[in-house]
Amino acid sequence: MSVLVVGTVAFDSIETPFGSAERILGGSASYFALGASFFAPVRVVGVIGKDFPQDYLDLFTERKIDIAGIKREQGDTFHWRGRYHEDINQRDTIELHLNVLAGFVPDLPDNYRDAEYVFLGNIDPVMQMEVLNQIRRLKLVVCDTMDHWIRESQDELKKVLKRIEMLVINDSEARLLSGYDNIVKAARAILRMGPKIVLIKRGEYGVLQFSDSSVFATPAYPLEEVFDPTGAGDSFAGGLMGHLARSGDSSEGGLRRAIVYGSVVASFTVEDFGVKRLTDVSLPEIEERYLRFVQLTDFHS
Ligand code: AMP
């Protein structure tokens, strides 16, 4: 089963305490697609400008990611500049240039419209809704968002939330969206907005999953060196959904295993700048770290 993603395909300029990089490949759809491609075929919907290099597109096609849904427009590519603090869990957006993303109207290739597993990556909720409206056979819709859209387009975002199964969101954004500081109250309030499952990403502290009937918690994989956390959340979602599409198992246990696969993929992402580690890690390395994760969390066998 293939996975469809809509999100940003971007230039990122990043500063962390360990170094910096200018205009490297980034964007929510890029990280998601690379993360999911270990497990399932992936189709990408997005927009790039005339300045976007072929080399970056080749990184997708080398991983057999379908880029027929990436439109090239006159104008410049979306550009994000972020700076991480000494405490690498904290970052500031220094620049955000929507460029060709402003006014982008997704128009899915015909063969994309039968997608069953859909990820509405971090992008304007109006565009997320546009994509949902063009798909005929939805099975699982997962959505991500961020503070920018919660502040600027909350009404539109709430319409999207009514139509999805799962929201993947980080802890500060969950607080912002719900108005509650307590993370359990925040998750319960978000469940009332529509999604059946809320996954709260807590950076190096892992993930909490809430539904009406269950709560599940996993740590993040403990790493000695984190170079660049950019894309951890998107590649987490990619690993999660790629694994769900591969297994077809949406039971409680199937979802828990997918969450751990997502956490494993994210743990590789942060080991190097940008998408570098995601493009050189192998599936056997992912499977090996998955088994280490199982050992890490086993306290009752
Ligand atoms: P993450 O670290 O998983 O939160 O995602 C980082 C990615 O989000 C970067 O590669 C950016 O290009 C992208 N990004 C930053 N701001 C936005 C925004 N407002 N909308 C969509 N994507 C964004």
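Bear in mind the structure is a predicted one, so any value in this text is a computation, not a measurement.

*Asks:* Can you explain the site of the ligand? Please cite residues and give values.
*Replies:* Around the ligand, the surrounding shell holds 20 residues, and the nearest of these are D12, G27, N122, G231 and D234. The backbone of G27 places a nitrogen or oxygen atom 2.7 Å from an oxygen atom of the ligand. R91 has a polar side-chain atom sitting 2.9 Å from an oxygen atom of the ligand. Calculation on the ligand without its partners gives an accessible area of 510 Å², and the protein chains cover 94% of this total.

*Asks:* I'd love a proper account of unusual backbone geometry, names of residues and values included.
*Replies:* Backbone geometry at R23 places phi at a positive 50 degrees, although glycine is not the residue there. With respect to the helices and strands, the residue R23 is situated in strand β3 (residues 19-26). Phi is positive for N99, close to 50 degrees, though the residue is something other than glycine. Along the chain, N99 falls in the loop between β7 (91-97) and β8 (117-120).

*Asks:* Talk me through the sheet that holds strand β5 (residues 66-72); I want residue IDs and the actual numbers.
*Replies:* Read across the open sheet, the 9 strands follow the order β5-β4-β1-β8-β9-β10-β11-β12-β13; overall the sheet is mixed. Across the chains shown, the open sheet's two edge strands, defined by having one partner strand only, are β5 and β13 (215-218). Neighbour-to-neighbour, the strand axes of the sheet open up by a mean angle of 15 degrees, direction not taken into account. Across 4 bridges, the pairing between strand β12 (residues 207-210) and β13 is antiparallel. Residue pairing across strands places Q209 opposite F216, the latter belonging to β13. Most of the contacts of helix α6 (residues 171-178) go to strand β10 (residues 166-170), to which it runs at about 110 degrees, and overall it touches β10 and β11 (197-201).

*Asks:* Run through the sheet that holds β3, naming residues and quoting values.
*Replies:* Adjacent strands of a sheet pair through backbone hydrogen bonds, lying either parallel or antiparallel. Spatial strand order, β3-β2-β6-β7: 4 strands in an open sheet with mixed pairing. Two strands lie at the open edges of the sheet, namely β3 and β7, each paired on one side alone. Neighbouring strand axes in the sheet, compared pairwise and without regard to direction, differ in orientation by 15 degrees on average. Inspection of the sheet shows strand β2 (residues 10-16) paired to β3 by 6 bridges, in the antiparallel sense. Considered in β3, the bridge of T16 is made with G19. Those strands touched by helix α1 (residues 28-36) are β2 and β3, and its axis lies near 80 degrees from that of β3. Contacts from helix α2 (residues 54-62) reach β2 and β3, with the element oriented near 70 degrees to β3.

*Asks:* Account for the pairing of β11, with residues named and values stated.
*Replies:* In terms of burial, β11 is a largely internal element, 5 of the 5 residues being buried. Here β11 shows a buried face lined by I197, L199 and K201 and a second buried face lined by V198 and I200. Note: β10 against β11, 5 bridges, orientation parallel. Looking at the pairing, V168 lines up with L199 of β11. Here β11 runs beside β12; their pairing, made up of 4 bridges, is antiparallel. Looking at the pairing, L199 lines up with Q209 of β12.

What counts as what
Residues numbered from 1 in each chain as written. Predicted model: local features only at pLDDT ≥ 70, side-chain atom pairs only at ≥ 80, totals over all residues. Heavy atoms only, no water. Near = heavy atom within 4 Å. Polar contact = N/O pair within 3.5 Å; in protein donor to acceptor, adjacent residues only side chain to side chain. Areas by Shrake-Rupley, 256 points an atom, 1.4 Å probe, with all protein chains shown as cover. Helix = DSSP H or I, 4+ residues; strand = E, 2+ residues; numbered from the N terminus. Pairing = 2+ DSSP bridges. Axes fitted to C-alpha atoms, helices over the stretch in contact; angles between N-to-C directions. Contact = heavy atoms within 4.5 Å. Buried < 20%, exposed > 50% of the residue type's maximum accessible area, 1.4 Å probe, protein only.

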